[in-house]
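Inside the fold
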Amino acid sequence: MELRQLHYFLKVAQKEHVTQAAEELHVAQSAVSRQIHQLEEELGVDLFMQKGRNLQLTAVGQLFCKRIEGILKDLDKAVGEVHEFLDPEHGEIRIGFPHSLGIHLIPSVVAAFRQRYPNVKFRFKQGMFPTLIRDVLSGEVDLAFISPFPEKHDQVDGDIVLTEELHAILPPITR
């Protein structure tokens, strides 16, 4: 099984048409047809069925398509991570934070970071505590600023970035 076959398979699945997929991939229609045929032979199943002038995924083709989409997405992510590792000054950082930190903390952290690494891009996601923990665990964000600190969470780790004194303001007591 070749990576090219998987890319061609996904494009045909999206377009439901070999010729349109080939045009978008900038390859000959026969090359796409041949790769799909080889993939089907290797798997021992039909991934597509003819429906008029278009192709439609078979039930097993739909199952395979869902898996391949995830695999290729992970592969793209891995390639991006390698590029970021080789040149960390041009990567992207995905930050999660609650609304309350988006006013002062996040802009100041990003501004300070951009002073040293001006080419790094940022993607932001606001959310609440449980959502942000889930987003870190799923890889949706690279890091999250949250409060309170999850001291007893065995799947994430972190450090305290800042502490603040809280003051209560009350009206004068009259007696």
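Bear in mind that the values here come from a model prediction, so they are computed numbers and not experimental data.

Structural notes on the packing of aromatic side chains
This model, assessed by the stated rule, comprises six aromatic pairs. Geometrically, the ring pair formed by Phe113 and Phe122 is edge-to-face, given 5.8 Å between the ring centres and 85° between the ring planes. By way of ring pairs, the aromatic residues Phe97, Phe113, Tyr117, Phe122 and Phe124 are connected into one cluster.

A few points about the environment of Ser147
For Ser147, the location among the structural elements is in the segment after strand S5 (143-144). Distance in space between the C-alpha atoms of Ser147 and Phe97 is 9.2 Å, their sequence separation being 50 residues.

Here we look at helix H2 (residues 18-25)
Within H2, the full set of buried residues consists of Val18, Ala21 and Ala22. Buried residues in H2, looked at end-on, bunch into an arc of 100°, giving them a common side. If you follow the buried residues of H2, they end up packed against helix H1 (3-15), helix H3 (29-43) and strand S2 (54-57). In the segment just after H2, His26 is the residue with positive phi, at about 60°.

A few points about the packing of H2 against H3
A pair of packed helices is captured by two measures, namely the crossing angle of their axes and the spacing between those axes. Close contact between H2 and H3 brings their axes to 8 Å; oriented N to C, the two are set at 110°. The angle between H2 and H3 places the two elements in the roughly perpendicular class. Two packed elements cross with a definite hand, and for H2 against H3 that hand is right-handed. On H3, the residues that touch Val18, Thr19, Ala22 and Leu25 of H2 are Gln29, Val32 and Ser33.

Some thoughts on the nonpolar core
Core analysis: the largest hydrophobic core is formed by 20 residues, its most contacted members being Phe9, Val12, Val32, Ile36, Phe48 and Phe64. Of all the secondary structure elements, the ones that give two or more residues to this core are H1, H2, H3, S2 and helix H4 (59-86). Ranked by residues supplied to this core, first place goes to H1 with six residues. Setting aside its immediate chain neighbours within four residues, Phe48 contacts Phe9, Val12, Ala13, Ile36, Glu40, Leu55, Gln56, Leu57 and Thr58. Core analysis: the second largest hydrophobic core is formed by nine residues, Ile95, Leu105, Phe122 and Phe145 among them.

Here's the deal with the pairing of strand S4 (residues 121-126)
One ladder, built from six bridges, connects strand S3 (residues 92-97) with S4; its direction is parallel. Among the inter-strand pairings, Ile95 is bridged to a residue of S4, identified as Phe124. Taking the sense of rotation as the criterion, the β-α-β connection linking S3, helix H5 (residues 105-116) and S4 turns out right-handed.

Criteria and thresholds
Residues numbered from 1 in each chain as written. Predicted model: local features only at pLDDT ≥ 70, side-chain atom pairs only at ≥ 80, totals over all residues. Heavy atoms only, no water. Phe/Tyr/Trp six-rings, centres within 6.5 Å; stacked < 30°, edge-to-face > 60°. Helix = DSSP H or I, 4+ residues; strand = E, 2+ residues; numbered from the N terminus. Buried < 20%, exposed > 50% of the residue type's maximum accessible area, 1.4 Å probe, protein only. Arc of directions from axis to C-beta. Contact = heavy atoms within 4.5 Å. Axes fitted to C-alpha atoms, helices over the stretch in contact; angles between N-to-C directions. Parallel < 35°, antiparallel > 145°, perpendicular 65-115°, else oblique. Left-handed = near helix turned anticlockwise from the far one by under 90°. Core = buried A, V, L, I, M, F, W, Y, C linked by side-chain atoms within 4.5 Å. Pairing = 2+ DSSP bridges. Right-handed = clockwise from strand over helix to strand, strands pointing away.

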